[in-house]
Amino acid sequence: MKKLFFVLAIVASPIFLMAQDEDNQPKDTSWKKIYRATSTKINDLVHTKLDVRFDYAKAWMYGKEWLTVKPHFYPTDSLTLDAKGMDIKEVALMKGASKTPLKYDYDGWQLHIMLDKTYKGGENYTVYIDYISKPNEVKVKGSAAINDAKGLYFINPKGEEKDKPMQIWTQGETEANSVWMPTIDKPNQKTTDEIYMTVPQKYVTLSNGLLISQKKNSDGTRTDYWKMDLPHSPYLFFMGVGDYAIIKDSYKGKEVSYYVEKNQAPYARGVFGLTPEMMKFYSERLGVEYPWQKYNQIVGRDYVSGAMENTTSTLHQESAYQNFRQLTDGNSWETVICHELFHQWFGDLVTTESWSNITVNESMADYSQTLWMEYKHGKDAGDEENFQGMAQYLSSPEEAKKNLVRFYYADKEDVFDLVSYQKGGRVLNMLRNYVGDDAFFKSLNNYLNTNKFKNGESDQMRLAFEEVTGQDLSWFWNQWYFGSGHPKLKIDYLYNDGKASVIVEQTQNTGKIFRLPIAIDIYNGAQKTRHKVWVENKIDTFTFAYTQKPDLINVDADKVILCEKTDNKTAANFIHQFKYAPLYMDRREALQYFSKNNMKDLMGGLNDKYGPLREYTLNRLTANKQLSKDPDVIKAVETLAAKETHKKAKAAALDFLAKTGDAKYLPLYKNNVNDSSYSVAGAALSGLAALEPANAYTLAKKLSSDAKGDLSEAINDIMIENGTEADFDIVATTYDKSPLSQQKVQGSATFAAYLEKVKDMSKVKQGIDMIVKFRNLVPEQFRGFVDPTIKGALDKLATAKGAEIADYLKSIWK
């Protein structure tokens, strides 16, 4: 599952308001004494056959199931299935075509079936169940990665929302598919399946495996028959129904298709079109060919997570949709696509045996993003992806208390966090660096081939690496997988009598000392000498002789160690590092130092080879009150703005120039306000607004019909600042259609301020409804982050408008 822990903080970051509010933490700590063991296997799933049809009016599903099961080892005379919130109509044993009724108990959550006899280990039997699934009547807690967990979702089932299609989709992880099919809903179960789905003829369907046949029925429905003949876990089952265009692609003769709403069909290849190349890359890198019959991707409205790796049928949320102008700024969904695809190996082919070991699914998929970006867009892009993951994990100190593999948690949903994703990905990056590329990928190949179509855990991953490398890696697993936290390093340098000393102190106050293999590069000019050392004490000192004092000593020269770092280099050291040390992080660290110390050397970043570092430099210059006024800096940015090809860097250059308030840039803004990039156009419009607000206001209304992202925000700001009540439809529509994002939280406050200008109380209430609707989409565990801003703005609006609005707000705010 893609790590959109706060669905609003969508993958452009990629991600997140993950710092948990203490008020949302469980008050009951008894879970700390409950060991979360792998689910005991009494019976094993063998095959699942389903025949389902949907009642849109009631949001029910009528199901018939033929479930083939066998005792795992010991004989048994009973079967317990997860079946949440269902009406059970019939339970019987199948013998050929005949049914024999079976006794059962059902508590609304689990179905306990008494079999007709005691079955021996490995002896198959088939149970028939007739049932009704009522997903909207089931209340199941979600997680930081999933903000709801009712398994089966009817989207706009009665067609009452004019701008929203009628769709059905399912979400199984962690254990929610048992809302719509009785099963043993545990990740250590595997089963083949076949599903007959009866739907209105106008809709298409999608499920796991291959579409074998379609039959039109006399009542205007159609029955599609899907078959998956390779075993996979119940939480990976999927059904999707809707009015989709199917854009077909292929990989080595296998179908690769993209299911999108019809108005998105022209853009589907722009969003998903790299999928076949990703399949080829991962197949070759892992030495394991893509293992399934086909690979489809579908986009679902109101999806409760970022994306989900259902076997052969990944489901994405609607933020995946992007038009050509958005794609000009770069495909914001690219790392989500590769993340979910990699799960087809790590998660689907080999599945975690328990939620405690989710790292073998999610850490692997998280790191796949670094692998893909490095391959497709270069070493800098891979390093930037790795850095973003590290920064996200380090931004939440509470996460440092958690083990990567954890057998104690309050709820299984709790393991979907910055530790299982971002920290785990960085741990894999360190492991790859330590054992080397050949051993790393050979070990992954070993793990996959040893455990394919079965389950895996962290120790099995360790054994796979040990078998390949010949090394005992328990120290690494104990430290990073079965331990918590990360080192905090303070690095100092002494030069004396031809000797350079590097003092590395671990300053974390956890009582834990980390063992770290580190590369140290010593530079004289462009020449460097590498030394490999081990940091393994509270304080380690490494001494190197020299005949010429080094220009730079670069500790952790590969920039792989997961740590917080205070690196006491001099300004001269960082200048040398920026010029000669080759990596993305080498240059970024130097640019950060220049920015903090008001050094004009920061300008060097304007000529960096990597567009996002040029953008980073521009943002740092804009924020620096001293450097942003320097004539040399302004001239350099002016030159860059005229020639920059990286769209977001160009937008950052325009933002910088706009802050100067210099009217000589007016032609530059006018020339770029219709740029194909929303980022560039938005920055240009904001620059124009500062100089010619009336012109910008007129232009904003004209551009509002095709505005997203930064351009939409710029238009919104201009319309709210300069607009009148007559502009309500434009302002309200722009706000309402803006994507779910952190920016929309502040945008809600801005929109509320605009509503103070509106005299028509019905429109004020309409605007309040939009704001509250957005707020209600925020998962409850995150509302503590957004409510102060949104509620504060609405309270201010109510004060300005009087009792009628105050009472209305009180009536709808829950």
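Residues numbered from 1 in each chain as written. Predicted model: local features only at pLDDT ≥ 70, side-chain atom pairs only at ≥ 80, totals over all residues. Heavy atoms only, no water.

1. Overview of the overall build of the protein chain
Note the following rule: Elements are defined by DSSP. Helices are runs of H or I of four residues or more, strands are runs of E of two residues or more, and each kind is numbered from the N terminus. Put simply, the radius of gyration uses C-alpha atoms, and a globule should come to 2.2 Å times the residue count raised to 0.38. Three labels apply to residues, based on accessible area from a 1.4 Å probe with only protein chains included: buried if under 20% of the type maximum, exposed if over 50%, partly exposed otherwise in between. Only heavy atoms matter for contacts: two residues are in contact if any of them lie within 4.5 Å across the pair. Values of accessible area rely on a 1.4 Å probe in the Shrake-Rupley scheme; residue burial ignores everything except the protein chains shown. Only four residue types enter the tally: Lys and Arg on the positive side, Asp and Glu on the negative side; His and the chain ends are excluded. Charge positions are represented by NZ for Lys, CZ for Arg, CG for Asp and CD for Glu.
When helices and strands are tallied, the protein chain shows 24 helices and 29 strands. In terms of overall dimensions, the protein chain is globule-like: its C-alpha atoms have a radius of gyration of 29 Å, near the 28 Å expected for 814 residues. In the protein chain, which comprises 814 residues, the proportion classed as buried is 56%. Here the analysis covers contacts within the protein chain between residues at least 6 apart in sequence; of these, 68% occur between residues at least 24 apart. Surface exposure of the protein chain reaches about 32,700 Å², of which carbon and sulfur atoms provide 49%. Separation between the mean location of the 104 positive side-chain charges and that of the 106 negative ones in the protein chain comes to 1 Å.

2. Re the sheet that holds strand β23 (residues 488-496)
Quick note on the threshold: In this description, strands pair whenever DSSP reports at least two bridges between them. Angles run from 0 to 180 degrees between N-to-C directions of axes, and those axes are lines fitted to C-alpha atoms, restricted for helices to the stretch in contact.
Here 4 strands make up an open sheet; going across it, the order is β27-β24-β23-β29 and the pairing mixed. The two strands at the open ends of the sheet, each matched to only one other strand, are β27 (539-545) and β29 (564-567). The mean angle between the axes of side-by-side strands here comes to 20°, regardless of whether they run parallel or antiparallel. Sheet topology places β23 next to β29; 4 bridges connect them, and they run parallel. Bridged to I491 within β29 is D567.

3. Quick notes on the packing of helix α5 (residues 359-377) against helix α6 (residues 379-394)
Heads up, the condition is: Note that the term roughly parallel is reserved for angles under 35 degrees, roughly antiparallel for angles over 145, roughly perpendicular for angles of 65 to 115, and oblique for everything else. Crossing chirality is assigned from the near helix's rotation relative to the far helix, an anticlockwise turn below a right angle marking it left-handed and a clockwise turn marking it right-handed. Asp, Glu, Lys and Arg are counted as charged, while Ala, Val, Leu, Ile, Met, Phe, Trp, Tyr, Cys and Pro are counted as nonpolar; the rest, among them Gly, fall into the polar class.
Relative orientation of the contacting elements α5 and α6 amounts to 160°, with a least axis distance of 6 Å. With respect to their mutual orientation, α5 and α6 come out roughly antiparallel. When the axes of α5 and α6 are compared, the crossing they make is right-handed. Of the residues in α6, those in contact with Y367, Q369, T370, M373, E374 and H377 of α5 are K379, A381, G382, E385 and N386. Along the lines of polarity and charge, the residues of the contact of α5 with α6 split into 3 nonpolar, 5 polar and 3 charged.

4. Observations concerning the layout of surface pockets
What counts here: Only protein atoms enter the 1 Å grid used here. Points where a 1.4 Å probe fits but cannot escape make up a cavity, open sets with protein on both sides within 12 Å along at least five of seven lines make up a pocket, and a residue lines them when an atom lies within 4 Å of a point. Grid points are joined across faces, edges and corners, and a volume is the space filled by probe spheres set on the points.
Approximately 940 Å³ is the volume found for the second largest pocket. Taken together, 39 residues make up the lining of the second largest pocket; nearest its centre are F387, K559, K565, M585 and E589. Breaking the lining of the second largest pocket down by element, the ones donating at least two residues are α5, α6, α7 (419-435), β29, α12 (584-596) and α13 (611-623). The biggest single contributor to the lining of the second largest pocket is α6, with 8 residues. Here the residues of the lining of the second largest pocket sort into 13 nonpolar, 10 polar and 16 charged.

5. Looking at helix α18 (residues 693-703)
Those residues of α18 that sit buried are A696, Y697, L699, A700 and L703. Against the buried residues of α18 lie α17 (678-691) and α19 (709-722).

6. Section: the packing of helix α23 (residues 783-801) against helix α24 (residues 803-812)
Contact geometry of α23 with α24 gives a least axis separation of 6 Å together with a crossing angle of 150°. Listed contacts from α24 to L794, D795, A798 and K801 of α23 are A803, I805, A806 and L809.

7. Details of the confidence of the model for the protein chain
Note the following rule: Confidence of the predictor in every single residue is expressed as pLDDT, which spans 0 to 100.
Overall, the prediction assigns the protein chain a mean pLDDT of 94, with 96% of residues at 70 or greater. Overall, residues 5-24 carries pLDDT values under 50, and its contacts beyond four positions in sequence, including any with other chains, amount to 80 contacts. This model gives residues 143-147 a pLDDT under 50, and the stretch forms 30 contacts once residues within four places in sequence are excluded.

8. Structural notes on helix α14 (residues 631-643)
To keep it simple, the criterion reads: Here the expected span of a helix is defined as 1.5 Å times the quantity of residues minus one. By definition, the arc is the one covered by directions from the helix axis to the C-beta atoms. Definition of a polar contact: a pair of N or O atoms within 3.5 Å, with one able to donate and the other able to accept a hydrogen when the atoms are protein atoms, and with sequence-neighbouring residues admitted only if both atoms are side-chain atoms.
Spanning 13 residues, α14 covers 19 Å between terminal C-alpha atoms, matching the ideal 18 Å at 1.5 Å per step. Here α14 has its buried residues at V633, I634, V637, L640 and A641. Taken end-on, α14 shows its buried residues confined to a sector of 125°, consistent with a single buried face. Every exposed residue of α14 that faces more than 90 degrees away from the buried side is listed here: P631, K635, A642 and K643. N-capping of α14 is provided by D630, with a side-chain oxygen placed 2.8 Å from the backbone N of D632.

9. Considerations on the packing of aromatic side chains
We count it as follows: Two aromatic rings from Phe, Tyr or Trp, using only the six-membered ring of Trp, form a pair when their centres are within 6.5 Å; if the ring planes differ by under 30 degrees the pair is stacked, by over 60 it is edge-to-face, and anything between is tilted. The criterion is that NZ of a Lys, or CZ of an Arg, lies within 6 Å of the ring centre and within 35 degrees of the ring normal, and then a charge sits over that ring.
Summed over the entire model, instances satisfying the criterion amount to 48 aromatic pairs. Between Y290 and W345, the aromatic rings sit 5.7 Å apart at their centres with planes inclined by 80°, giving edge-to-face as the arrangement. Linking Y290 in the loop between α2 (275-286) and β18 (295-300) with W345 in the loop between α4 (334-343) and β21 (350-352), this pair joins segments that are 55 residues apart in sequence. The same class applies to Y290 as to W345, namely buried. Between Y434 and W475 the ring centres are 5.6 Å apart and the planes differ by 90°, which places this aromatic pair in the edge-to-face class. With Y434 in helix α7 and W475 in helix α10 (residues 474-480), this residue pair connects regions lying 41 residues apart in the sequence. Exposure remark for Y434: the relative accessible area of 25% places this residue in the partly exposed category. Taking relative accessible area as the criterion, W475 reaches 18% and is therefore assigned buried. Here the aromatic residues F281, Y282, Y290, Y295, F342, W345, F346, W372, Y375 and Y447 are joined through ring pairs into a cluster of three or more. Its end group placed over the ring of Y735, K744 keeps NZ or CZ at 4.8 Å from the ring centre.

10. Some words on a negative patch on the surface
Quick note on the threshold: Residues forming no salt bridge and having over 30% relative accessible area are the ones grouped into patches, like charges within 9 Å of each other and nonpolar side chains (Val, Leu, Ile, Met, Phe, Trp, Tyr) within 5 Å. Throughout this description, the term salt bridge denotes a Lys or Arg side-chain nitrogen within 4 Å of a carboxyl oxygen of Asp or Glu.
A grouping of D655, D710, E713, D717 and E721 is seen on the molecular surface, where their side chains present a negatively charged patch. Tallying contributions element by element places α19 first for the negative patch, with 4 residues. With respect to the helices and strands, the residue E713 is situated in helix α19. Accessibility expressed as a relative area gives 37% for E713, which makes it partly exposed.

11. Observations regarding the side chain of E384
In this structure, E384 sits in helix α6. In this structure the side chain of E384 is engaged in a polar contact, spanning 2.6 Å, whose partner is the side chain of Y610. Those residues in contact with E384 that lie beyond four places of it in its chain are Y584, Y610 and P612.

12. Things to note about the nonpolar core
Heads up, the rule is: The definition of a nonpolar core used throughout is a set of buried Ala, Val, Leu, Ile, Met, Phe, Trp, Tyr and Cys residues joined through side-chain atoms within 4.5 Å.
Judged by nonpolar contacts, the single largest core of 226 residues is most densely connected at F54, W345, F346, L685 and L794. Looking at this core, the element that brings in the most residues is helix α15 (residues 647-660), giving 8 residues. Ignoring any residue separated from it by four or fewer positions in sequence, one finds L685 in contact with V673, A696, L699, A700, L703, L711, A714, I715 and I718.

13. Quick word on the environment of Y244
As for its placement among the helices and strands, Y244 is situated in strand β16 (residues 244-251). Y244 sits 85 residues away from G159 along the chain, and the two C-alpha atoms are 16 Å apart. For Y244, the residues in contact, after removing those within four places along its chain, are Q167, V204, Y259, V260, E261, K262, I298, V299, G300 and Y321. Of note is the side chain of Y244, whose polar atom sits 3.2 Å from the side chain of Q167.

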